[in-house]
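Tertiary structure, described
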Amino acid sequence: MIFDGKKLAEEIKSSLREEISTYPAKYGRVPCLSVLLVGDDYGSQRYVASCEKHAALAGIDCRVVRLPQESSEDDVLRTLEELNQDANVDGILIQMPLPKQVSQAKVVEALDPKKDVDGVTDTNVAQLWKQKKSDYSRFSVPCTPRSAMRILEAAGIELDGKNAVVVGRSNIVGLPVTKLLMNQNATVTVAHSHTKDLPALLRKADIIVAAIGQPKFITADMVSEGAVIVDVGINSDPATGKMCGDVDYENVAAKCRMITPVPGGVGPLTICSLMENTRDCFLRNL
Ligand code: NAP
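Counting restarts for each chain: residues are numbered from 1 in the order of the written sequence. Only residues with pLDDT of at least 70 get local features here, since the model is predicted, and only at 80 or more are side-chain atom pairs given and counted; chain-wide, interface and lining totals rely on the full set of residues. Only hydrogens and water are set aside; all other atoms, that is, all heavy atoms of the structure, feed into the side-chain values.

**Notes on the overall build of the protein chain**
Helix numbering and strand numbering both begin at the N terminus, where a helix is a DSSP run of H or I of at least 4 residues and a strand a DSSP run of E of at least 2. A count of helical and extended segments in the protein chain gives 11 helices and 10 strands. Radius of gyration: over C-alpha atoms. The globule rule applied is 2.2 Å multiplied by the number of residues raised to the 0.38 power. For the protein chain, the C-alpha radius of gyration of 19 Å lies close to 19 Å, the compact-globule estimate for 286 residues. Among the 286 residues that make up the protein chain, the fraction classed as buried is 49%. Here the protein chain has roughly 13400 Å² of accessible surface; of this, 51% comes from carbon and sulfur atoms. Throughout this description, buried means an accessible area under 20% of the type-specific maximum (1.4 Å probe, protein chains only), exposed means over 50%, and partly exposed covers the range between. Residue exposure ignores everything except the shown protein chains as possible cover, and the areas themselves are Shrake-Rupley values with a 1.4 Å probe.

Right, dumping it as structure tokens:
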């Protein structure tokens, strides 16, 4: 099965829109996401424009606060504090990367955990690692791992007792997806750049989550027949310049029970998870 992330994203947005359309009567307003964008990074500008578009489709109010590239750390912290204090703002996304004069760690820790829509604050990270169940209504988990889990659920993939290998151990993708898989009783191995004999490890996996950042790194010889693959990678194919994942999709897909393409797999769902996390922050903080 080639997983259609765009289709699922449309379904989620449409059900969010329906649900949120009832909020003005019930709660007096719709959820509000504020995106703090510092500087002029091209990828960030594109992502934020996409957030605005998809928030509008889901019926969420999206306010982008733009600060110039040369902003000081104090400028950023002051603006963030205003958003923390604003009772009409339910969720705050701090768009990364921040300019080099601004400490990412300091800014993230200044974010009110109750408004942390990407699950990046220590409070939300601790919740994820302490809880044995992934109860999204109680705390925020990072958007991309939430999307990966949503895909596995929508595809009807049984996780209990299965061998999962997560390739990549970043705080924003690899580690949270590891914990979410463990919460579903998968047996999870985390691989990284020091892992010995990754192909042998991958060949034993029922489920592979690739979050590496290397174009077409996972090839057909590394994957067993019937494997399930969630490809989180977003790379540029050096041969064609086109977007590609971490998996050599053209040669691997035929062996898989289920695989997510790039583009059109995890990507469209990440923004949906952002909208769901905003809705959840809104409901949690009523
Ligand atoms: P990251 O912070 O650079 O982490 C990459 C991880 O891959 C690291 O843990 C690294 O190991 C591991 N790795 C690198 N080379 C490897 C190798 N040869 N063998 C085994 N492991 C290797 O990246 P990230 O932020 O997690 O993102 C990963 C990919 O997902 C990127 O392509 C990114 O663009 C994409 N992404 C997509 C979405 C989405 O919405 N679809 C969202 C976020 C990220 P070490 O720890 O040993 O260095």
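From this point on, the discussion continues.
**Quick look at the domain arrangement of the protein chain**
The domain limits used here are those given by an automatic or database domain assignment. The assigned domain composition of the protein chain is domain 1 (28–114) and domain 2 (143–266). Averaged C-alpha coordinates put domain 1 and domain 2 at centres separated by 29 Å.

**Let's talk about the pattern of salt bridges**
For this document, the term salt bridge refers to a Lys or Arg side-chain nitrogen within 4 Å of an Asp or Glu carboxyl oxygen. For the structure shown, the criterion picks out 14 salt bridges. Close ionic contact of lysine 216 with glutamate 250 constitutes a salt bridge, the shortest N to O distance being 3.7 Å. Residue lysine 216 is located in the loop between strand 6 (207–210) and strand 7 (227–231), and its partner glutamate 250 is located in helix 10 (residues 249–252); the two are separated by 34 residues in the primary sequence. Each of Glu19, Arg146, Arg150, Glu276, Arg279 and Asp280 takes part in salt bridges that share partners, so that together they form one network.

**Notes on the sheet that holds strand 3 (residues 91–94)**
On the basis of which strands lie adjacent, the open sheet formed by 3 strands has the order 2-1-3 and parallel pairing. With one partner strand each, in any of the chains shown, strand 2 (61–67) and strand 3 form the two edges of the open sheet. When the angles between neighbouring strand axes are averaged without regard to direction, this sheet yields 20°. Of the pairings in the sheet, the one linking strand 1 (residues 32–38) to strand 3 comprises 4 bridges and is parallel in character. Paired with serine 34 across the two strands is isoleucine 92, which belongs to strand 3. Note on contacts: a residue pair is in contact if any heavy atoms of the two residues lie within 4.5 Å. Simply put, an axis is a line fit to the C-alpha atoms, just over the touching stretch for a helix, and the angle between two N-to-C directions goes from 0 to 180 degrees. Across the sheet, helix 3 (residues 42–58) touches strand 1, strand 2 and strand 3, and the angle it forms with strand 2 is around 160°. In this analysis, strands are considered paired if DSSP registers two or more bridges between them.

**Quick look at the packing of aromatic side chains**
Stacked, tilted and edge-to-face are the three classes assigned to paired rings of Phe, Tyr and Trp, where Trp is represented by its six-membered ring and a pair needs centres within 6.5 Å; plane angles under 30 degrees give stacked, over 60 edge-to-face, the rest tilted. Applying the stated criterion across every chain, the model contains 3 aromatic pairs. Judged by centre distance (5.0 Å) and plane angle (75°), the ring pair of tyrosine 23 and tyrosine 27 falls under edge-to-face. Of the two residues, tyrosine 23 and tyrosine 27 are both situated in helix 2 (residues 23–27); the distance of 4 residues between them amounts to about one turn of the helix. Classification of tyrosine 27 by relative accessible area gives partly exposed; the value is 34%. Ring geometry for tyrosine 23 against phenylalanine 282: centres 5.3 Å apart, planes inclined by 10°, an arrangement best described as stacked. With a gap of 259 residues between them, tyrosine 23 in helix 2 and phenylalanine 282 in helix 11 (residues 266–284) connect regions that are remote in the sequence.

**Regarding helix 1 (residues 5–20)**
Given a helix with a known number of residues, its expected span is that number minus one, times 1.5 Å. Between the first and last C-alpha of helix 1 there are 22 Å, a value that for 16 residues agrees with the 22 Å anticipated at 1.5 Å per step. All buried positions along helix 1 are accounted for by Gly5, Leu8, Ala9, Ile12, Lys13, Leu16 and Ile20. Projected down its long axis, helix 1 carries its buried residues within an arc of 135°, all on one side. Opposite its buried face, helix 1 presents the exposed residues Lys7 and Glu18, each directed more than 90 degrees away. Think of a polar contact as two N or O atoms within 3.5 Å of one another; within protein, one of them needs to be a possible hydrogen donor and the other a possible acceptor, and neighboring residues in sequence only count if both atoms come from side chains. Its side-chain oxygen at 3.2 Å from the backbone nitrogen of lysine 6, aspartate 4 defines the N-terminal cap of helix 1. Directions from the helix axis toward the C-beta atoms define the arc.

**Side note on the site of the ligand**
In the region of the ligand, 22 residues are neighbours, and Arg169, Ser170, Ser193, Ile234 and Thr270 sit closest. A distance of 3.4 Å separates an oxygen atom of the ligand from a polar side-chain atom of threonine 144. Here a nitrogen atom of the ligand and a backbone polar atom of valine 232 are 3.4 Å apart. Out of a free accessible area of 920 Å², the ligand has 69% covered by protein chains. Among the elements that make up the shell around the ligand, the one with the highest residue count is helix 11 (3 residues). Here, proximity means that at least one heavy atom of the residue falls within 4 Å of the molecule or strand.

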